[in-house]
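Observations on the three-dimensional arrangement
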Number of protein chains: 4
Amino acid sequence: MTRRIKIGVIGTGRMGSVHSRNIVRQIPEAELVAVCDIRLEVAQAVADELGIPRVVYDYHDLLNDPEIEAILIASSTDTHAFMMKDVAAAGKHIFCEKPLALELDKIDEALAAVGKAGVKLQVGFNRRFDKSYQRLHAIVESGQIGRPCILRITNRDPDFPSMDFLRVSGGIFLDLAIHDFDMVRYQVGEVEEIYAMGGVLVNPELNEFHDVDTDVMVLRFANGTLGTIDNSRKAVYGYDQRLEVFCSNGTAMAENEAETTVVKGNMDGFLAAKPPYFFMQRYAPCYVEEVRQFVQCLRDDLPTPTTGEDGRAAVVLGHAAWKSLRENRPVKIREIC
Amino acid sequence: MTRRIKIGVIGTGRMGSVHSRNIVRQIPEAELVAVCDIRLEVAQAVADELGIPRVVYDYHDLLNDPEIEAILIASSTDTHAFMMKDVAAAGKHIFCEKPLALELDKIDEALAAVGKAGVKLQVGFNRRFDKSYQRLHAIVESGQIGRPCILRITNRDPDFPSMDFLRVSGGIFLDLAIHDFDMVRYQVGEVEEIYAMGGVLVNPELNEFHDVDTDVMVLRFANGTLGTIDNSRKAVYGYDQRLEVFCSNGTAMAENEAETTVVKGNMDGFLAAKPPYFFMQRYAPCYVEEVRQFVQCLRDDLPTPTTGEDGRAAVVLGHAAWKSLRENRPVKIREIC
Amino acid sequence: MTRRIKIGVIGTGRMGSVHSRNIVRQIPEAELVAVCDIRLEVAQAVADELGIPRVVYDYHDLLNDPEIEAILIASSTDTHAFMMKDVAAAGKHIFCEKPLALELDKIDEALAAVGKAGVKLQVGFNRRFDKSYQRLHAIVESGQIGRPCILRITNRDPDFPSMDFLRVSGGIFLDLAIHDFDMVRYQVGEVEEIYAMGGVLVNPELNEFHDVDTDVMVLRFANGTLGTIDNSRKAVYGYDQRLEVFCSNGTAMAENEAETTVVKGNMDGFLAAKPPYFFMQRYAPCYVEEVRQFVQCLRDDLPTPTTGEDGRAAVVLGHAAWKSLRENRPVKIREIC
Amino acid sequence: MTRRIKIGVIGTGRMGSVHSRNIVRQIPEAELVAVCDIRLEVAQAVADELGIPRVVYDYHDLLNDPEIEAILIASSTDTHAFMMKDVAAAGKHIFCEKPLALELDKIDEALAAVGKAGVKLQVGFNRRFDKSYQRLHAIVESGQIGRPCILRITNRDPDFPSMDFLRVSGGIFLDLAIHDFDMVRYQVGEVEEIYAMGGVLVNPELNEFHDVDTDVMVLRFANGTLGTIDNSRKAVYGYDQRLEVFCSNGTAMAENEAETTVVKGNMDGFLAAKPPYFFMQRYAPCYVEEVRQFVQCLRDDLPTPTTGEDGRAAVVLGHAAWKSLRENRPVKIREIC
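Let me begin by describing the structure that accompanies this report. (Residues numbered from 1 in each chain as written. Chains lettered and ligands numbered in written order. Predicted model: local features only at pLDDT ≥ 70, side-chain atom pairs only at ≥ 80, totals over all residues. Heavy atoms only, no water.)

**Things to note about the overall build of chain A**
The secondary structure content of chain A amounts to 11 helices and 15 strands. Here the C-alpha atoms of chain A give a radius of gyration of 20 Å, agreeing with the 20 Å that 2.2 N^0.38 yields for 337 residues. The principal-axis extent of the C-alpha atoms belonging to chain A is close to 55 × 55 × 45 Å. Per-residue burial for chain A yields a buried fraction of 64% across its 337 residues. A separation of at least 24 residues holds for 70% of the contacts in chain A among residues at least 6 apart in sequence. (Helix = DSSP H or I, 4+ residues; strand = E, 2+ residues; numbered from the N terminus. Rg over C-alpha atoms; globule rule 2.2 N^0.38 Å. Buried < 20%, exposed > 50% of the residue type's maximum accessible area, 1.4 Å probe, protein only. Contact = heavy atoms within 4.5 Å.)

What follows is the structure, given as structure tokens:
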């Protein structure tokens, strides 16, 4: 090993603490030198657990630290854009959690700052690092099963997040489906048109802020491929994550993982295990791998695997889906961009 | 056994010969007394094979036969409507293959004649008699997994029918997807709105007559449930027939059947068998069961399980899908009816 | 079609009535001209159902009928051997249900009579006609996955037959496992040595007549392949039929079939359907196919696919298993022959 | 967290380096203070990678270190027994890789020393810590599917280890099947009698030292349950790990895991991924969990989950299997003990 990349983490909540643990325990090519959270005691607890030498309250303190080469932003979504601008101005590379922002103008300002500073930016689209989705991508990309005709995604959460979070989340298309919007671009390419239907079928509280808990979409890609996506906030049997790319000479499907391989047979039938309940378990290896690759890109001066443009494009699709739902008509993506 | 229902079959092509064999060999409650085909030699071959006493060229001959109680219509689609009218006028019960007709006015005329004559009519929506779809229906109907939220259908043919057939088939929504339109009504209920995208992704010949070989649709049901359907004319791995009804407290999925249960493991992985290649194999037991139930309804004077209204409703959905595709907008079903 | 083979059936109980229905309804190359049962009313009921012209009480009446070319013996096991002798002497071909007899000397006498008369004999080892086992056999036979190393069979009945039947059945190795003993020879070849353990783990009534309800066996084949078999009289989840041939370059497995393809997901997990409950459902197509092939062999003067030697060999293995269990030692097959 | 357990690792080869990494990165309740290997450079490399302060050549140096509370022995099998004696005499707790030794007298001496010293001993039967086998155990233990009737294990390696290793490994029953012998005791209880067949079906080199590459066994348990095991050194499709406990009211099966969830469908069928190729991948989480629990037992002064008696019992079964194979007869376990 040559050089270890020194990293600071901003935001040590759910995702930030996972990233911190991963860097310390599983990414020897990096060194976590400081953590930051406006809830200082939260940052301190993570630092204590992992033996991190520095804990700060104000993220500007990290920007002034010449030792730090890269910043991982895992604070709340509304802070991503201005932090990216500041971090870029400080000449440090950036790993930023998704979504970059809910507003496109904020994203554009941040990306402009990143571009001007010439720092690297990676967006936390963790699913691109899943071994099953990568395998599926490799099969489709190879052309061995012909050209993509129909992409099909089922993405259902096991349960609602808190109402407080939902109110500021950007709604189902910018929070939950944002991963699908990135995945479809990864698997098939650019989307041209989208139509979305949604409804409040499970939790009437969502009506208050005009969100939906269930949606279905169809998409047309620039290369002619068609797609369907369905989303739900509440799949009682666990986190339902399925993907198929049906092609002219075959099909490739990524099925759900399961908590165990145990099957119990009795008079009722054969009972198999549920999928892992939560995204933190289902995608645990991806959270390690995405940061490991980010670190590798810094060490080898390579482009990052998920770029600012990827981050922007998924948000554009989210807005297109909302516009389609609100106006009940198919929306061309170029209407949004 | 009390009384055997005496049946005549009109049309002894692909479906008609299957129905004829089924009646003779597997439905002892019925008796196939005559077959009719404008290609007399085709009808004669079926009669020879099955020991059927009477073969006619003109279907009116069956209508004048007082012995015959019921007529099974399996001739080409464009003949269904006027034959139904004639058969009804002759006071005989009717089993008619799907679709009843491609044009709604013809269907309405035929249904009016059936209603006036007071004869029974069953439409050949064979999939309603599949044990897996029936089991799925029973699970959803029972309420044990809550209310339906998302219905998802994948229906893909193994290969294109002849171009000659396709030209007069009514296109993908009235030929292939017609089964899905009946299935969604069976599983969830009435559809309120539909949006369809389609494309010619595999066989450019279809452009000549403005059909598509691939489509995706989303639907909204009167009860709020949302749905997605995807169709293709060419799934090289065989007839792909999948159905899911995702509900507020669980999900119920009908997966593909397989030609054998054999799995071969080697350095490439584990290779499982394809689904049965063709609808005649996949749904073979349904073709027996639907006619068996039709016969039972005649014997016990019960309503038929798939009615003329079912036959009409599926065609309405097909037209709505075409209208949506042509005008690139969501279409309310009441715009068609 | 040229000539229809005229068949008489002796024994119209469970298997005999299935065979009778199959011949009449699904094997047009044959004609069922007479049925025989010592319970004349049972035979009469089958004849009425199927429109069979002749019903007899004494099977000798069939032997004297010059029209009848072949006899299907489906009476109780203790009658098979002497009937075969009589039928052979009458110069008629024989399809005989398994086992040919429980005693080897009786089998030898019957086979000698068959050989002397020069008639064809087929034994009812239905499982050889299962499409999954045939596919597995084809894979192994082709050599594409190397040489067989380990054969593994799980064969478990859903529930106990009647105690009356069990008392005269020959016990678990000659009744239940007899199918496995034929299957191992079909898939891998001749067995050289066997060791069996058994126990009464479920139903203590079996102790009365020294049978067991559960057993496990290991086998060594002449070609060096090793095997394991496990059997139970009571698998509450249904008829459990699994087979694997593990080879030097891969493996081939035949898994259980399922009643439906429906999977229900809820908080308990994913529940799939049980296998078909009973052998009559699981192997229904095999019962047709074995007799169809028998008829074809008569029409084309070909050797039968399952011979008298196959019938004898399976019984030899059953006796070897019993000897092994009784003496608690491995038994060489040549000790029995 | 209260106290961290200070551990020294003896042997930093394949398993020792895995354990070292796990302790450092994933078991914060422990601290790896020293590593030892007679190949000092190997130990040094591991220490460098993980930042371990002390590296020694002679394991006695660890025994004299008062700071060290526990020793993890991962050196070659022939050193386990005498090291255990020394470590016990030094009053330190022991985690020892399997098998404890190939010879029972050496095991007995070591266990006596452990008992006399009153230190804790855990044996590295990693599979007991697999979530699927634990779930299966919980199902069976609960009694919800009745009493165990048939246990069935398939345990096949993906390929041969080096011939050098095989020569001193104790052969297939003491090396490969030793895991099965522990697993059967974990799932069902004590074994009473065993019969084994084996053969050299793949690699004739094994004939030199009288080992086999393929075996099948049957077992009788003290509680009457019967069992089958099959083993191979070469399953080209990957590490094959299957386990079933069939019970009087149902069955519980642990199936193979798969490298990905991707299924590719084309004209050949549906191709699913192979199982993880190697035990280090398949059981990776178990290696962490077993040491984590060992550490927990030291911290809370609890009995270890896999004891010296477990370690001995598995070796006894291995010797019984060899005796059975050599003498071609069933062997009672009490003949060995």
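**A short note on the relation of the copies chain C and chain D**
Here chain C sits on chain D after a turn of 180° about the axis and a move of 0.0 Å along it, with an RMSD of 0.0 Å. Between the two chains, the operation in question is that of a two-fold axis. In terms of proximity to the rotation axis, the leading residue of chain C is Arg329(C), whose C-alpha is 2.9 Å off the axis. Take the interface residues of chain C: 100% of them recur as interface residues in chain D, which is what a same-surface contact looks like. (Least-squares fit on C-alpha atoms with pLDDT ≥ 70 in both.)

**Quick word on the interface of chain C and chain D**
If you look at the interface, chain C gives 46 residues, while chain D gives 46 residues. In total, chain C and chain D occlude about 3400 Å² of area from one another, counting both sides; carbon and sulfur atoms represent 66% of this. The three residues of chain C that bury the most area against chain D are Arg152(C), Met197(C) and Leu201(C), which together make up 19% of that side's buried surface. At the surface where chain C touches chain D, the tally comes to four salt bridges. Across the salt bridge formed by Arg156(C) and Glu244(D), the nearest N and O atoms sit 2.8 Å from each other. (Buried area = accessible area lost by both parts, 1.4 Å probe. Salt bridge = Lys/Arg side-chain N within 4 Å of Asp/Glu carboxyl O.)

**Here we look at the interface of chain B and chain D**
Contact residues are listed per partner, giving 13 residues for chain B and 13 residues for chain D. For the pair chain B and chain D, the summed buried surface comes to about 1200 Å²; carbon and sulfur atoms form 69% of the total. Counting every contact that joins chain B to chain D gives zero salt bridges. Between chain B and chain D we count four residue pairs in polar contact (both at pLDDT 80 or more) in total. (Polar contact = N/O pair within 3.5 Å; in protein donor to acceptor, adjacent residues only side chain to side chain.)

**Here's the deal with the sheet that holds strand S5 (residues 93-96) of chain A**
All names here are of chain A. With respect to topology, six strands assemble into an open sheet ordered S3-S2-S1-S4-S5-S6, the strand pairing being parallel. Two strands lie at the open edges of the sheet, namely strand S3 (54-56) and strand S6 (121-123), each paired on one side alone. Adjacent strand axes in the sheet meet at a mean angle of 25° when their direction is disregarded. Alignment of strand S1 (residues 5-10) against strand S4 (residues 70-73), held across four bridges, turns out to be parallel. (Pairing = 2+ DSSP bridges. Axes fitted to C-alpha atoms, helices over the stretch in contact; angles between N-to-C directions.)

**Details of helix H1 (residues 14-26) of chain C**
For H1(C), spanning 13 residues, the distance from its first C-alpha to its last is 18 Å, which sits close to the expected 18 Å at 1.5 Å a residue. When H1(C) is considered as a whole, its buried residues turn out to be Met15(C), Gly16(C), Ser17(C), Val18(C), His19(C), Ser20(C), Asn22(C), Ile23(C) and Arg25(C). (Expected span 1.5 Å × (residues − 1).)

**So, the pairing of strand S14 (residues 269-272) of chain B**
All names here are of chain B. Sheet analysis places strand S13 (residues 262-266) next to S14, joined by four bridges and oriented antiparallel. Paired with valine 263 across the two strands is alanine 272, which belongs to S14. Counted between consecutive antiparallel strands, the loop separating S13 from S14 contains two residues.

**Re the sheet that holds strand S2 (residues 30-36) of chain B**
For sheets, the rule is that strands pair by backbone hydrogen bonds, running either parallel or antiparallel. Residue and element names in this part refer to chain B. With parallel pairing, the six strands of this open sheet are ordered in space as S3-S2-S1-S4-S5-S6. The strands lining the two open edges of the sheet, one partner per strand, are strand S3 (54-56) and strand S6 (121-123). Between one strand axis and the next, the sheet turns through 25° on average, direction left out of account. Across three bridges, the pairing between strand S5 (residues 93-96) and S6 is parallel. What sits directly across from isoleucine 94, in S6, is leucine 121. Contacts from helix H1 (residues 14-26) reach strand S1 (5-10), S2, strand S4 (70-73) and S5 within the one sheet, and its direction differs from that of S2 by about 150°.

So far we have only geometry, and geometry alone does not tell us how the molecule works.
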